[in-house]
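Descriptive structure summary
Listed here are the chains, written in short residue letters.
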Amino acid sequence: MRIGILGTGGMADALGAQWRRSGHEVLFGGRDLGRAEVLARRWDGAWGTLHQAADFGTDAVLMALPWRAAIEVARQLPLTGRVLIDCTNPVGEGFRLLTAGVPSAAVQLATAAGPGAHVVKAFNLCHEDVWRLTPPVFDGRPLGVPLSGDNEEALAVVRQLVRDVGCEPFAAGELEQGAALLEATAALLIRLWVGEGVDAQSIAPPGELAGPRAPAAALTPSS
């Protein structure tokens, strides 16, 4: 695949490295071309401006900027027809969810990018260091990555990119509700891990005790 990465921070570095190892073409884009070049040379990719990265990513574009900057940038880029992966988290001081009472960051990003872009919320629940693991497997179990989106073709692309990182994709519903749940979950997990210093995994029971399960077909979003 041809993947454009918007941003030059830790998430851009970690996921870009994984996708390069999987054989995908990657262009790192940033306002600071020097930082984009450093990442590209580190992982044998290409580099350019944010506009060039959006143009390059004919198969997928990763939005790896802070969420408010991401929304502003999305208004300025050619994202029509693009699969736009949103890994941002609108979490502020005191581990507050900054989008409480308003649409999720992913929905705001979709509005900014325009109706021709297909936003998929993914990769937002873990710190960048998790995505550097090759692969992210814990106690013999691959990490699960929830995905939220409205377009089945876009979801299929992101499911493959999740598998290429060594993880398992899970359906988290359509964008309006699913992304809000994922962003709220991220805020909670960050509060527990960082703010309280506790093992957030301990809040979930084993799967066999989690209650009745819906049929798989009921969890599949419409295209």
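Structure: see above.
All values reported here derive from a predicted model rather than from experimental measurement.

So, about the nonpolar core. The tendency in soluble globular proteins is for nonpolar side chains to be buried side by side. Trp19, Ile85, Phe123, Trp131 and Val158 are the most contacted members of the largest nonpolar core, which has 34 residues in total. Of all the elements, helix H7 (residues 152-164) adds the most residues to this core, at six residues. Dropping the residues within four chain positions of it, valine 158 is found in contact with Val83, Ile85, Val120, Ala122, Phe123 and Leu147. Judged by nonpolar contacts, the second largest core, of 26 residues, contains Ala54, Val73, Ala74 and Leu84.

Another aspect to go through is helix H2 (residues 33-42). Listing the buried residues of H2 in full gives Ala36, Leu39 and Ala40. For H2, the buried positions fall inside an angular range of 100° around the axis, keeping them on one side. Capping the start of H2, aspartate 32 holds a side-chain oxygen 2.9 Å from the backbone nitrogen of glycine 34, two or three residues further along. One or two positions beyond H2, positive phi appears at aspartate 44, with a value near 55°.

What counts, and at which threshold
Residues numbered from 1 in each chain as written. Predicted model: local features only at pLDDT ≥ 70, side-chain atom pairs only at ≥ 80, totals over all residues. Heavy atoms only, no water. Core = buried A, V, L, I, M, F, W, Y, C linked by side-chain atoms within 4.5 Å. Buried < 20%, exposed > 50% of the residue type's maximum accessible area, 1.4 Å probe, protein only. Helix = DSSP H or I, 4+ residues; strand = E, 2+ residues; numbered from the N terminus. Contact = heavy atoms within 4.5 Å. Arc of directions from axis to C-beta. Polar contact = N/O pair within 3.5 Å; in protein donor to acceptor, adjacent residues only side chain to side chain.

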